[in-house]
Amino acid sequence: MYLIESEENVGFLTASYVKNRIEAFITTPEKPYFVIALPTGGTSLDLYNHLVKFHKEGLLKFDNVVTFNLDEYIGLPAKHPESYHSFMARNFFDHIKIPQEQVNILNGNASDLEKECRLYEEKIKHYGGIDLFLGGIGQNGHIAFNEPGSSFSSRTRIVNLSEDTIKANSRFFNGDISLVPSRALSMGLGTIMESKEVIIMATGIKKAQALYHAFEDKTNTAWPITILQKHPRVFVLADKPAASEISKTIKQNYGLCSFIK
């Protein structure tokens, strides 16, 4: 696991890396698509702004890209402004050219939610697994909607959101906690760990404690982010406030300067 503490825009660095990875991908009959797992939330906004900019400048195409979103609320209409379907359309998919059949987002209104999760897993396997996982980190260390206590071997499933997550997400619902769905569908930690490469973006002082545990704690289901210590290729991009609680020794041991190159 590599820490990249940056004063630069975390979203720009991540978008530049995504662009480089897509450009370097060689399509073969056995592997025709580069598969990316995509996040939502405030931290990802700069990422999508820069990816859209690259696309509009003719520097990035998505013809051979398949996307899988990490999660979606249960029971929130897809056209609700705070659904992740709407978030992705508004901030990314409405601004790029990508075949609709290559875009995958969990259906939180499916008649059979367990079947929806099972089919999602099967579709990921059909495309040869996730090549690049992009995610943020919750204040309580959750990845996607894998809350504290989630099994490290969990797959895409129905999850109950913690009070901390509901409170944090209420900012998107005019501060009204009662409007935030209490359940969601989420890609599991086991699914995430099978990704070939993982990038975690973290910005702001509120993420500092979670990043401290990510690098300085033992693997512990109380802090889901710690499971990434066991992944062979993880980059954590953090601004200085988010990385402020990580010791100088850890930063020296885990620092990486050649992320984009």
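Above this text is the structure in question.
Since the structure is predicted, the reported quantities are computational estimates derived from the model, not experimental observations.

Here the focus is the nonpolar core. Grouped together as the largest cluster of nonpolar side chains are 43 residues, with contacts concentrated most on Phe 92 and Phe 93. Those elements that place two or more of their residues in this core are α1 (10-24), β2 (34-38), α2 (45-56), α3 (84-91), β6 (132-135), β9 (198-202) and β10 (234-239). It is α1 that contributes the most residues to this core, six residues altogether. Those residues in contact with Phe 92 that lie beyond four places of it in its chain are Leu 38, Tyr 48, Leu 51, Val 52, Phe 62 and Phe 87.

A separate point is helix α4 (residues 113-126). Taking 1.5 Å per residue as the helical rise, α4 with its 14 residues ought to reach 20 Å, and the 20 Å between its terminal C-alpha atoms agrees with that figure. Of the positions making up α4, those classed as buried are Leu 113, Glu 116, Cys 117, Tyr 120, Glu 121 and Ile 124. Buried residues of α4 fall within an arc of 135° about the axis and therefore sit on the same side. Among the exposed residues of α4, those pointing more than 90 degrees away from its buried face are Glu 114, Lys 125 and His 126. Tucked into the core, α4 has its buried residues touching β3 (65-69), β5 (103-104), β7 (157-160), β8 (183-186) and α6 (189-193). Residue Asp 112 occupies the N-cap position of α4, its side-chain oxygen lying 3.3 Å from the main-chain nitrogen of Glu 114. One or two steps after α4, the chain reaches Gly 128, where phi turns positive at roughly 85°.

With that settled, the discussion passes to the sheet that holds β5. Read from one edge of the open sheet, seven strands run β1-β10-β9-β6-β2-β3-β5, paired in parallel fashion. Strand pairing shows two members of the sheet lacking a second neighbour, β1 (2-6) and β5, which therefore form its edges. Packing of α4 onto the sheet brings it into contact with β3 and β5, and relative to β3 it is tilted by some 155°.

All told, the structure shown has 14 aromatic pairs when counted by the stated rule. For the pair Tyr 84 and Phe 145, a centre-to-centre distance of 6.2 Å together with 25° between the ring planes defines the contact as stacked. Pair noted here: Tyr 84 is in helix α3 and Phe 145 is in the loop between β6 and β7, with a separation of 61 residues, a long-range link. What makes Tyr 84 buried here is its relative accessible area of 10%. The exposure class assigned to Phe 145 is buried, which follows from its relative accessible area of 3%. Among the aromatic side chains, those forming a connected cluster through ring pairs are Tyr 48, Phe 62, Phe 87, Phe 92 and Phe 93. Directly above the ring of Phe 54 sits Lys 19, whose terminal nitrogen or CZ lies 5.8 Å from the centroid.

Next up on the list: unusual backbone geometry. Positive phi values are uncommon outside glycine, yet Ala 144 reaches one of about 55°. Along the chain, the position of Ala 144 falls in the loop between β6 and β7. For Ala 144, a relative accessible area of 10% gives the class buried. If you check the backbone angles, Asn 174 has positive phi at about 55° while not being a glycine. Relative to the elements of secondary structure, Asn 174 occurs in the loop between α5 (163-169) and β8. Take Asn 174: its relative accessible area is 79%, and that puts it in the exposed class.

Cut-off values and rules
Residues numbered from 1 in each chain as written. Predicted model: local features only at pLDDT ≥ 70, side-chain atom pairs only at ≥ 80, totals over all residues. Heavy atoms only, no water. Core = buried A, V, L, I, M, F, W, Y, C linked by side-chain atoms within 4.5 Å. Buried < 20%, exposed > 50% of the residue type's maximum accessible area, 1.4 Å probe, protein only. Helix = DSSP H or I, 4+ residues; strand = E, 2+ residues; numbered from the N terminus. Contact = heavy atoms within 4.5 Å. Expected span 1.5 Å × (residues − 1). Arc of directions from axis to C-beta. Polar contact = N/O pair within 3.5 Å; in protein donor to acceptor, adjacent residues only side chain to side chain. Pairing = 2+ DSSP bridges. Axes fitted to C-alpha atoms, helices over the stretch in contact; angles between N-to-C directions. Phe/Tyr/Trp six-rings, centres within 6.5 Å; stacked < 30°, edge-to-face > 60°. Lys NZ or Arg CZ within 6 Å of the ring centre and 35° of its normal.

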